[in-house]
Amino acid sequence: KRAETVIEFGTAFGVSGMYFLAGLKANNFGQLLTFDPNDVWAKLANENLKQMGHPYKLTIGTFEENIEKVLPQDQHIDVAFIDAIHTQEFVLPQLEIVLKYSKPGTIVILDDINFSKDMEECWRKVANDSRFRSAVTVGDRVGIVEL
């Protein structure tokens, strides 16, 4: 997918972000918007992400509180990576915000869908949501849906 805008939240140490940046750099196109409220982790992530040599914006703060400020009004999310607090209480509302800024064809990746019984139930709800044209489980840890 030739994504213009990739978002991820929680950045943690920037490892996943580095993979997304490698793909964007290979396409010579697109940007990564990444969010983490932990300023210590964000500083470490920033050092790792800088090594990739491709544009990104690291926001120290939550996705929920900052996406509206960071995503330009004329852009939408092409790929979203949800990897923050692994509970339905957080993931389902975050997914709704992602969908607000998405269009058909947007890919949403959920990490750690096997984290707990609660997260397994969350993935079942998402995978069976009629707003998605497809859902796939990769291994037993990652779930991917397409709007």
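Along every chain, residues carry numbers that run from 1 in the direction the sequence is written. Totals for whole chains, interfaces and linings use every residue, but because this is a predicted model, local features are given only for residues with pLDDT of at least 70 and side-chain atom pairs only at 80 or more, for both listing and counting. Remark: hydrogens and water are excluded; side-chain values derive from all non-hydrogen atoms of the structure.

A closer look at the overall build of the protein
- Scanning the protein for helices and strands turns up five helices and seven strands.
- C-alpha atoms define the radius of gyration in this analysis, and the globule rule sets the expected value at 2.2 Å times the number of residues to the power 0.38. Relative to the globule expectation of 15 Å for 147 residues, the C-alpha radius of gyration of the protein, 14 Å, shows essentially globular dimensions.
- By principal-axis analysis of the C-alpha atoms, the protein measures approximately 40 × 30 × 30 Å.
- Only protein chains enter the accessibility calculation, which uses a 1.4 Å probe; a residue whose area is less than 20% of its type maximum is buried, one above 50% is exposed, and one in between is partly exposed. The buried share of the protein, taken over its 147 residues, is 44%.
- Of the side chains in the protein, 15 bear a positive and 21 a negative charge, and the two mean positions are spaced by 5 Å. Starting at the N terminus, helices and strands are each numbered in turn, a helix being any DSSP run of H or I of at least four residues and a strand any DSSP run of E of at least two. When charges are counted, Lys and Arg are positive and Asp and Glu negative, with His and the chain ends excluded. In this description, the location of a charge corresponds to atom NZ of lysine, CZ of arginine, CG of aspartate or CD of glutamate.

Describing the sheet that holds strand β1 (residues 5-9)
- Think of it this way: DSSP has to see at least two bridges between two strands before they count as a pair. With mixed pairing, seven strands are arranged side by side in an open sheet as β3-β2-β1-β4-β5-β7-β6. In the strand order of this sheet, the two ends are held by β3 (56-60) and β6 (134-138), each with one partner. Pairs of neighbouring strands in the sheet enclose a mean axial angle of 15°, with direction left out of account.
- Pairing of strand β5 (residues 102-110) with strand β7 (residues 142-146) involves four bridges; the strand directions are antiparallel. Bridge assignment links Val108 to a residue of β7, and that residue is Val145. Throughout, an axis means a line fitted to C-alpha atoms (over the contacting stretch in the case of helices), and angles, computed between N-to-C directions, take values from 0 to 180 degrees.

Focus on the environment of Leu32
- With respect to the helices and strands, the residue Leu32 is situated in strand β2 (residues 31-36).
- Take Leu32: its relative accessible area is 0%, and that puts it in the buried class.
- For the pair Leu32 and Pro55, spaced 23 residues apart in sequence, the C-alpha to C-alpha distance is 7.0 Å.
- Aside from chain neighbours lying at most four places away, what touches Leu32 is Val6, Glu8, Gly17, Phe20, Leu21, Leu24, Leu49, Pro55, Tyr56 and Lys57. Whether two residues are in contact is decided by their heavy atoms: any pair within 4.5 Å suffices.

Points about the nonpolar core
- The set of buried Ala, Val, Leu, Ile, Met, Phe, Trp, Tyr and Cys residues whose side-chain atoms join them within 4.5 Å is what this entry labels a nonpolar core. By size, the foremost hydrophobic cluster in this structure holds 26 residues, and its most contacted members are Ile7, Ile82, Val98, Val108, Leu110 and Val126.
- Dropping the residues within four chain positions of it, Leu110 is found in contact with Ile82, Val91, Met119, Trp123, Val126, Arg141, Val142 and Gly143.
- If you look at the next biggest cluster of nonpolar residues, it comprises twelve residues, including Val6, Leu32, Met52 and Val142.

Here's the deal with the packing of helix α4 (residues 88-100) against helix α5 (residues 117-127)
- Across the interface, α4 lies against α5 with an axial gap of 9 Å and an inter-helix angle of 25°. Put simply, α4 runs roughly parallel to α5. Note on packing geometry: the crossing formed by α4 with α5 is right-handed. In this structure, α4 uses Gln88, Val91, Leu92 and Leu95 to contact α5, whose residues at the interface are Asp118, Met119, Glu121, Cys122, Lys125 and Val126.
- Each residue is assigned to one of three groups, with Ala, Val, Leu, Ile, Met, Phe, Trp, Tyr, Cys and Pro labelled nonpolar, Asp, Glu, Lys and Arg labelled charged, and all others, Gly among them, labelled polar. Residue classes in the contact of α4 with α5 are distributed as six nonpolar, one polar and three charged. Each angle gets one of four labels, with under 35 degrees taken as roughly parallel, over 145 as roughly antiparallel, 65 to 115 as roughly perpendicular, and the rest as oblique. Note on convention: near helix rotated counterclockwise from far helix by under a right angle means a left-handed crossing. Clockwise means right-handed.

Regarding unusual backbone geometry
- Here Phe9 and Gly10 are connected by a cis peptide whose omega angle stands at -25°.
- Locating Gly10 in the fold gives a position in the loop between β1 and α1 (15-27).
- Even without being a glycine, Asn28 presents a positive backbone phi close to 50°.
- Mapped onto the elements of the fold, Asn28 is located in the loop between α1 and β2.
- Residue classification places Asn28 among the exposed positions, given a relative accessible area of 66%.
- A positive phi angle, near 60°, is found at Asp112, a position not held by glycine.
- Looking at the secondary structure, you find Asp112 in the loop between β5 and α5.

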